[in-house]
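What follows is each chain in one-letter form.
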Amino acid sequence: MNRIVFITGATSGIGKACAEAFASAGDHLIINGRREERLEAIKNELTENHAIRVLTLPFDVSDKNTVFDAIYNLPDEWKNIDILVNNAGLALGKDLFNDAHLHDWETMIETNVTGLLYVSKAVIPVMIKNNKGHIINISSIAGDFVYQSGNIYCATKSAVNAISEGMRTDMLPHNIKVTNIKPGAVDTEFSLVRFKGDNDKAAQTYTGFKPLSGEDIAQTILYCTSLPDHVCINDLTITPTAQANGVYFFKK
Ligand code: NDP
Ligand code: 8X3
């Protein structure tokens, strides 16, 4: 569709699937993540298979100066971002409040909340100038349902819910849509990261039912961005059929 789509956390999972979905739709991509070699591989693959342009923008979303430098210094042909997908995020640990590590809490808050704010603050001026734009914030069902040992991860996603509402309200005069997506269990590298490389624990998260895939979420996001100008999906909860909410699953 020839739009410029900026996706944070595009090196795996939902973000990578978004890059593939938008590329298939003919959009041009700015892809971010910390793992530069993965970004380059994704760029090569997407530009080989689609008639689109891809710009890699490796940075840590929680590094304030780097975020603003990278976005303010985008080449002219990349400045007019149409869609921002604030996807970069993580859970670190699944520990009771009293056992959890402060450093894990800090990293989750800095990435899921502060990083999302930095990237948004840097991108919004151009959307205001253009009097159009669409920001997709990847929250989670965990922002609505606090489960045992989810504590601060859930808190960061509750914060994303509130931030989305605040953004949407304040961006009304500027014709900028804000869509808050709340997925349930999606089989990505999320649990591997959460359990710090423990493959068995990560795999247990998705046993006994069919989880969502990154592509399921990406196709939903693509749909949200394909609606007429006057239509905005504000909030969208999407779970596997075997998941009723943040805590109830039917597992075989
Ligand atoms: P993945 O671990 O597969 O992907 C996470 C992405 O975020 C990676 O590309 C990673 O890239 C990037 N990332 C992490 N930290 C940073 C950082 N500091 N700066 C820039 N990029 C970063 O997990 P998912 O695809 O599942 O997660 C994507 C989003 O979806 C997250 O916000 C997560 O909270 C949310 N979510 C996930 C669900 C699930 O069940 N999987 C359910 C609900 C929401 P790199 O390491 O290269 O920096
Ligand atoms: C990820 C979904 O339920 O593992 O946001 O927290 S959950």
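Residues numbered from 1 in each chain as written. Chains lettered and ligands numbered in written order. Predicted model: local features only at pLDDT ≥ 70, side-chain atom pairs only at ≥ 80, totals over all residues. Heavy atoms only, no water.

*Asks:* Sorry, what's going on with the packing of helix H1 (residues 13-24) against helix H2 (residues 36-49) here?
*Replies:* The relative placement of two packed helices comes down to the angle between their axes together with the axis-to-axis distance. The contact between H1 and H2 brings their axes to 10 Å, and the two run at 20°. With respect to each other, H1 and H2 are oriented roughly parallel. For the pair H1 and H2, the crossing hand works out as right-handed. Contacts from Lys16, Ala19, Glu20 and Ala23 in H1 reach Ile42, Glu45 and Leu46 in H2. Across the contact of H1 with H2, the residue classes break down as four nonpolar, no polar and three charged. (Axes fitted to C-alpha atoms, helices over the stretch in contact; angles between N-to-C directions. Helix = DSSP H or I, 4+ residues; strand = E, 2+ residues; numbered from the N terminus. Parallel < 35°, antiparallel > 145°, perpendicular 65-115°, else oblique. Left-handed = near helix turned anticlockwise from the far one by under 90°. Contact = heavy atoms within 4.5 Å. Nonpolar A, V, L, I, M, F, W, Y, C, P; charged D, E, K, R; others polar.)

*Asks:* Mind showing me how you'd approach the sheet that holds strand E6 (residues 176-183) here?
*Replies:* Strand pairing in a sheet relies on backbone hydrogen bonds, with the paired strands running either antiparallel or parallel. Reading across from one edge, E3-E2-E1-E4-E5-E6-E7 is the order of the seven strands in this open sheet, with parallel pairing throughout. The sheet is open, and its two edges are formed by strand E3 (54-58) and strand E7 (235-238), each paired on a single side. Going across the sheet, the axis of each strand differs from the next one's by a mean of 15°, ignoring polarity. Where H1 meets the sheet, it contacts strand E1 (4-7), strand E2 (28-33) and strand E4 (83-86), and its direction lies at approximately 170° from that of E1. Of the strands in this sheet, E4, strand E5 (133-138), E6 and E7 are in contact with helix H5 (residues 151-171), which crosses E6 at around 160°. (Pairing = 2+ DSSP bridges.)

*Asks:* Is there a simple way to explain the layout of surface pockets in this structure?
*Replies:* Any empty space left between the atoms is revealed when a probe the size of a water molecule rolls over them. Its boundaries defined by the atoms lining it, the largest pocket holds a volume of some 1100 Å³. Looking at the largest pocket, it is lined by 48 residues, and the ones nearest its centre are Gly89, Leu90, Tyr153, Thr188 and Phe190. Elements represented by at least two residues in the lining of the largest pocket include exactly H1, E2, helix H4 (102-130), H5 and helix H6 (190-194). With four residues, H6 is the single largest residue contributor to the lining of the largest pocket. In this structure, the second largest pocket spans a volume of roughly 270 Å³. As for the second largest pocket, its lining consists of Arg3, Asp82, Ile83, Lys132, Gly133, His134, Asn175, Lys177, Cys224, Thr225, Leu227 and Asp229. Looking at the lining of the second largest pocket, its residues break down into three nonpolar, four polar and five charged. (1 Å grid on protein atoms, 1.4 Å probe; cavity = no way out; pocket = protein on both sides within 12 Å on 5 of 7 lines; lining within 4 Å. Points joined across faces, edges and corners; volume = space filled by probe spheres on them.)

*Asks:* Teacher, can you tell me more about unusual backbone geometry here?
*Replies:* Most peptide bonds adopt trans geometry, and most residues besides glycine take a negative phi value. If you check the backbone angles, Asn2 has positive phi at about 70° while not being a glycine. Structurally, Asn2 is set in the segment before E1. For Asn131, which is not glycine, the phi dihedral falls at a positive 55°. Residue position: Asn131 is located in the loop between H4 and E5.

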